[in-house]
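For reference, the chains in residue letters:
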Amino acid sequence: MLHYNTRLITAIALTCVTSLQMLAQEKTPRSTALSPAESLACIEIEQGFAIKFIAHEPQVIDPVDAAFDDSGRLWVVEMRDYPYPTADSPSGCVRILSDEDL
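In what follows, the accompanying structure is described. Remember, it's a predicted structure, so these values are computed and weren't measured experimentally.

### Focus: the overall build of the protein chain
Then, in step 1: The number of helices and strands found in the protein chain is two helices and three strands.
Then, in step 2: Helices and strands in the protein chain line up, N terminus first, as α-α-β-β-β.
Then, in step 3: Residues classed as buried in the protein chain amount to 12% of the 102 residues present.
Then, in step 4: With the model as given, the accessible surface of the protein chain reaches about 8200 Å², and the carbon-plus-sulfur share is 56%.

### Brief notes about the pairing of strand β1 (residues 63–68)
Then, in step 1: Inspection of the sheet shows β1 paired to strand β2 (residues 74–79) by five bridges, in the antiparallel sense. Considered in β2, the bridge of P63 is made with E78.

### Some points on the sheet that holds β2
Then, in step 1: Pairing within the open sheet is antiparallel, and its three strands lie in the order β1-β2-β3. On the outer flanks of this sheet lie β1 and β3 (92–97), each paired with one strand and no other. Direction aside, the axes of adjacent strands within the sheet are offset by 15° on average.

Cut-off values and rules
Residues numbered from 1 in each chain as written. Predicted model: local features only at pLDDT ≥ 70, side-chain atom pairs only at ≥ 80, totals over all residues. Heavy atoms only, no water. Helix = DSSP H or I, 4+ residues; strand = E, 2+ residues; numbered from the N terminus. Buried < 20%, exposed > 50% of the residue type's maximum accessible area, 1.4 Å probe, protein only. Areas by Shrake-Rupley, 256 points an atom, 1.4 Å probe, with all protein chains shown as cover. Pairing = 2+ DSSP bridges. Axes fitted to C-alpha atoms, helices over the stretch in contact; angles between N-to-C directions.

Here is the structure:
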């Protein structure tokens, strides 16, 4: 069973907000995604908090939402066609990630 530190989950949420704020402040749209290491280097956190990667591409692609369940698994909603839908059927899916190292 996974147990997540509330501070860690808060830091993950803050990471998402910080990333969105950084993108909003840019004058030109980003043409390429940052690598996980580059993304982590852009984040400033308050003392006493820590940020760890729990999933990144290629484990999840184009995530739009995520939540932890009572068992500690991470449910991630992917929408690969957002914001440019195609005439074909939607290409979204839900991935369930769990820590196998425990």
